[in-house]
Amino acid sequence: MSMNSVGRPTRPEAAADANDYVHPTLTGARGLLQDEALIFELDAWDKTGVDLPDAPAADDLGDLVRTSAIGLPGLSEPEAVRHYVRLSQKNHAIDLALYPLGSCTMKHNPRLNEKMARLPGFSDIHPLQPQSTVQGAIELMDRLAHWLKTLTGMPAVALSPKAGAHGELCGLLAIRAAHEANGQGHRKTVLAPTSAHGTNPATAAFCGYTVVEIAQTDDGRVDLADLEAKLGDHVAAIMVTNPNTCGLFERDVVEIARLTHAAGAYFYCDGANFNAIVGRVRPGDLGVDAMHINLHKTFSTPHGGGGPGAGPVVLSAALAPFAPTPWVVSHEHSFKLVEQAEGPAAQAFGRMSAFHGQMGMFVRAYAYMLSHGADGLRQVAEDAVLNANYIKARLSDLMSPAFPNGPCMHEALFDDAWLEGTGVTTLDFAKAMIDEGFHPMTMYFPLVVHGAMLIEPTETESKQELDRFVTALRALAGAAKGGDVERFKGAPYHAPLKRLDETLAARKPRLRWKPVAAAPLAAE
Amino acid sequence: MLGVIGAESIDELFVDVPAVARRAEPVDLPFHAGELEVEREMLGLSRRNRSASEGPFFVGAGAYRHHVPATVDHIIQRSEFLTSYTPYQPEIAQGTLQVLFEFQTQVAALTGMEVANASLYDGSTAAAEAVMMATRVTRRNKAVLSGGVHPQYVGTVETLAHAAGVATDRLAPAIDAEDAVIAAIDADTACVVVQTPNVFGTATDVSKIAAAAQAAGALLIVVTTEAVSYGLLKSPGEMGADIVVAEGQSIGNGLNFGGPYVGLFACKEKYVRQAPGRLCGETVDAEGRRGFVLTLSTREQHIRRDKATSNICTNSGLCALAFSIHMSLLGEKGLRQLALVNHQKAKTLRDALAAVPGVQILTPRFFNEFAIKVPGNAAELVETLAANGVIAGVPFSRLDPAAGLDDVLLVAVTETTPDADIALFSKALSKVLAQ
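What counts and what doesn't
Residues numbered from 1 in each chain as written. Chains lettered and ligands numbered in written order. Predicted model: local features only at pLDDT ≥ 70, side-chain atom pairs only at ≥ 80, totals over all residues. pLDDT = per-residue confidence, 0-100. Helix = DSSP H or I, 4+ residues; strand = E, 2+ residues; numbered from the N terminus. Buried ≥ 20, exposed ≤ 12 C-beta atoms within 10 Å, placed from the backbone. Contact = placed C-beta atoms within 7 Å. Pairing = 2+ DSSP bridges. Axes fitted to C-alpha atoms, helices over the stretch in contact; angles between N-to-C directions. Left-handed = near helix turned anticlockwise from the far one by under 90°. Domains from an automatic or database assignment. Nonpolar A, V, L, I, M, F, W, Y, C, P; charged D, E, K, R; others polar. Right-handed = clockwise from strand over helix to strand, strands pointing away. Core = buried A, V, L, I, M, F, W, Y, C linked by C-beta atoms within 7 Å.

Some words on the confidence of the model for chain B
Predicted coordinates in regions of low pLDDT should not be interpreted in detail.
Step number 1: Summing up the model confidence of chain B, the mean pLDDT is 96 and the portion of residues at 70 or higher is 100%.
Step number 2: Confidence estimates for the predicted assembly give a pTM of 0.96 and an ipTM of 0.97.

Rendered as C-alpha cells:
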C-alpha cells in the first residue's frame, strides 16, 4: 500500500526551539545513535573486504575491457558490519513496536519462514536447471497454488506476478485477452471507486484503459446506482478492493458482481486486504473473476524496507485459459512446469517476467500456511478484525471515526474533523506519534476522507501492546485538544532527524553521491 | 475486548458479509502444525531438489551462482531492515534511505550512467519498464530488440509493450549480431534493445549502435543479465547507452529458483523524470542536517494515479540491500578481481569443452558464459548428463523452442566452480557423446 502526500505540507515549518527538547551534542551522535557517513566518504577506494584467488589479466577481449575507474569503495568486514548496523538503528521496524500502517499489513514475520527459505534445496537451485532435478520445488509451487485456490474458492492461479501491482497488471491482461477472444475487444473502460489504491488506475491506464470513477455512498461503500449507471457495453472491468480501503466490507458485493457480469464486464478484486477475511470468506463465492494476493501481507513474508513482495493472481473459470506462462501441471508421480504456451494452452496472454515468480516468497508463505492451517488462518482474520474494532472503540470518543456506524474490518479509519481548531494537522499528529515510539498510521489515504488516518494493528498485536498504543494516542489527542501545539508542529523531536525538506529534494534532485564535493544543500 | 467493542461475538464483526458467503467452518485444508512438523515437511520437499553445491553445475542464462559473503545474510536479517516498510516516514527510516542512496550511487557507477533508481522487481521487468519509458521520452511507438536479448526478457517486454499498444520488432536469435538492430531502426523507433554479454554470452561494443540509434532520434537500451561482468567489461554508459537495465542477482543474492531478484535501472539524468520506480534523494532536515527522502514521487502511482510513469509500488528493497552490502565488501578492487576469476574459469571451461570431439564453441567473445554446439539435441543431452550427476547448462530450446537451435547449449561458470568440476563435465560429456 502507498500513502498519498497530496495536500500535506512537504517542507518543515520554522523549527520551534528544539533545544527545549534535545541538548545538542558536539559530534552529531546522540547516545546510541551514531552519525554515519556514506561509504563513499570513508576513503576506502583501494580496499576490499573479500579474499579472492589471483587471476591473470584478460588478454582476449581487446577494447571491450574496462580501463577507467569505476568508483566503488571497499569495506573490511568489521567496517561493513558497523556501517550497516549503525544505519539499521535509524529505522523503525515491526520487531520494535506496533506499526499501524493501514492497508500495508505490518504483522510479525515468523522466523521459521526465514529459516526454511534458506534451506539449500530452495535457496541454491537454479530456475533453469533440469525439471527432473527440482521436483520438490515444483511440487511446493503446486501445493501453494492448491492452498491459494482453496482459500479463495477460485479454480486457477497465476503464481508469477512479483508484487501486488504486478498482479493487478496480470489480472487486467487476462481480462483483456478474454474480451478479445470473445469479440469484446471494443471494451475500453475500467470502473474503480475514488477510494481505490493508486495502483488500480495506474495499472488500468497502462493497459490502455480509460478509468472512470464510481461514486461512494455516505457509509463508505460503492454506490450501486452510480455503478449501474456507468456500466455498459464499453466497460471491460470493475476494480474494487474488498474489504475496501476504508476498512469496510462491501455489503453489496454479490450485487456488484451480478450487475458487472450482466453488463458483460469482469470483476477484478484488489486483494490487498484479503488478510481480513482469509478462512472466513472465499472471494470466489462473491463473484470475483480475478484477485491478486499480496503474499507479503496476508501470508506474512517480510516487507524488507519496500520489497520484495509477491502477487499471485487467482482467476475464475472464464479467465483461467488466458493465464500467463509458466504454470504447474501435476502428473501421478511428477510435476511439470509449463514454460511455453502450445496447443490448447496457446491462449496464455504472455509472460509476466523471466523465470517462475518469487520462489523465496512462495517458500515463506507456504511455511506460514502449514504453521497456521485452515483453523489458524481463519483466526488470523478474526483477530485482525477484533484488534481493529478494539482500537476504533477505544479512540472514538476522542477522535472522529470516518464511518462510526457498524463494525470495521481489519483497519480503523478516522478523519481529521476532531482536530479542527486545534492548529494540529494529520501530518503533525503522525509525526508526534514518532516521538512516542510508534510508526505513524497511513495518512491522507484513502482520498475520500479528509485528513485520513488509517490504522491497521494486525492480528499479531497482544491486547497489552494495543493498550500501550491506545494510551499513547489518547495522551496525544488530549495534548492536541489541550493546546500543546508546539509538541506537534516541531515533531518529531526524538527521531534521528527532524522533519525533512521534501520540496528541496524534488526541486534540486541529488540522486547520488558525486566525487567532487558539492556545496551542502540548504533550504531556500 | 468484545465487551469494549460492544459485540456479543466475533461473528457480529463480520455482519456485513452477505449470508451466502459466510463460512461457518474452516476450509478443507490441514489444520495448524508445530514448528517441528513444518520444518520436517519443508525439509522433505527441499531434499527433492538437487542444489547447485551438490556437484558439477554450469547453469546461467540470466541467473548466476556466486559466493555471497556470510556478512550479507547476517545484515539483511536484522529486524530493522527485514521488518520495516517502504520509507514513507523518513525521520525513522534513514537507515533504509541511506542504503538506497548508496545503492543508487553504486549502480550508477557500475553501469557508467548518471543516475539510477532504487531498484525494480528484476532484470526482465526492468527491461520492459525501460521500453515503456523510451516511448514516453521519444513519443514514438516501436521497440527493436536484438536477437541476443534473453528470450524470456523478450517475452516480458512483449507482454507489457503489447498491453500498452507499443509495437515490437524482435530480430531472429543470433549469437553475434547485436549490430543488426541498426538496419531495423526507422522513424517510428522509440528504442533499440541490445544485450551485452548477450544470452549466448557474446560481449559487444555497442558504441556504433548508440550512435546510430541516437542519430535516428531513438534511445539505446542496454540489458545485462550478469552484473559481475561490469567488473571486467566496458560499461554501457561508456559506450553511449541512454538507459541501462540489469539483473542484479549475481551480487549479494542467491539463485532462489528464479526470485526474488533485483532489477537495476540507470539512465541519463535528463530522462529521470520519465523513469519508473522509486528514487531516493538527498535533502536536509529542519535543522539543516543531511538526510534522505523518496523523491520525484509526482511520477508515481500513489500521487499521479492513471497518469503515473508506471504502476510500480513495491521495489526489491531487501535484495537491493544485499546487493549493496556485497558490493561494499567487494569494492572496485574486489569486483575487478572477481570478474577476472570468472573470466579465467570460463576460458578453462572453453578449452576443456573444445577438446571434446563433436563439440563446437560458438561464442566469439565472452565473460563467464558461452554457447556450444553439440551433436544432436541439447535438451536430451542435459537430461542424460543430469542423470550422470552433471548439471550441464541450459539448452537454448528451453528458452525459445521455435528458434531452431536445438543443438545449442548455454554453459556458465563462476568463481564457485572448482576446476575439478570442469574436468568432470568434459569427461562426462565425452563419454555421453561417444555412446
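From this point, things continue past the structure.
Thoughts on the environment of Pro-407 of chain A
Step number 1: Within the element layout of this structure, Pro-407 of chain A appears in the loop between β10 (400–401) and β11 (412–415).
Step number 2: Residue class for Pro-407 of chain A comes out buried when judged on the 23 C-beta atoms lying within 10 Å of it.
Step number 3: Separated by 17 residues in sequence, Pro-407 of chain A and Tyr-390 of chain A have C-alpha atoms that sit 9.9 Å apart.
Step number 4: Apart from residues lying up to four places away in sequence, Pro-407 of chain A is in contact with Asn-389 of chain A together with Ala-7, Leu-13 and Val-15 of chain B.

Points about the sheet that holds strand β3 (residues 167–170) of chain B
Step number 1: If you trace the seven strands from one edge of the open sheet to the other, you get β1-β7-β6-β5-β4-β2-β3 (chain B), paired in mixed fashion. Here the strands that pair on one side only, and so sit at the sheet edges, are β1 (115–116) and β3 of chain B.

Quick look at the packing of helix α6 (residues 94–111) of chain B against helix α12 (residues 317–354) of chain B
Residue and element names in this part refer to chain B.
Step number 1: Packing of α6 against α12 brings their axes to within 9 Å, and their N-to-C directions diverge by 60°. Classified by chirality, the crossing of α12 by α6 is left-handed. Here Thr-96, Val-99, Leu-100, Glu-102, Phe-103 and Gln-106 of α6 lie close against α12, whose contacting residues are Gly-317, Ala-320, Leu-321, Phe-323, Ser-324 and Met-327.

Some remarks on the domain arrangement of chain B
Residues and elements named next belong to chain B.
Step number 1: We note that the domain assignment places domain 1 (55–68 + 332–434) and domain 2 (70–325) within chain B.
Step number 2: Counting residues at the interface gives 29 residues for domain 1, matched by 28 residues for domain 2.
Step number 3: Ranked by residue count, the leading element in the side of domain 1 that touches domain 2 is α12, at seven residues.
Step number 4: Its residues assigned to classes, the side of domain 1 that touches domain 2 shows 18 nonpolar, six polar and five charged.

What to know about the pairing of strand β3 (residues 210–214) of chain A
Residue and element names in this part refer to chain A.
Step number 1: Both strand β2 (residues 189–193) and β3 contribute to a ladder of five bridges, which runs parallel. Counted as the bridge partner of Val-190 is Val-211 from β3.
Step number 2: Each parallel crossover has a hand, and the one from β2 via helix α6 (residues 199–206) to β3 is right-handed.

What about the nonpolar core?
Step number 1: In terms of nonpolar packing, the biggest core is built from 321 residues, with Ala-174 and Leu-315 of chain A together with Val-131, Val-192, Val-193, Ile-221 and Val-245 of chain B touching the most fellow members.
Step number 2: With 21 residues, the top contributor of residues to this core is helix α9 (residues 359–395) of chain A.
Step number 3: The two domains that each donate at least three residues to this core are domain 1 (55–68 + 332–434) and domain 2 (70–325) of chain B.
Step number 4: The residues touching Val-193 of chain B, leaving out its near neighbours within four places in the chain, are Ala-127, Val-131, Ala-143, Leu-145, Ser-146, Val-149, Ile-221 and Val-223 of chain B.

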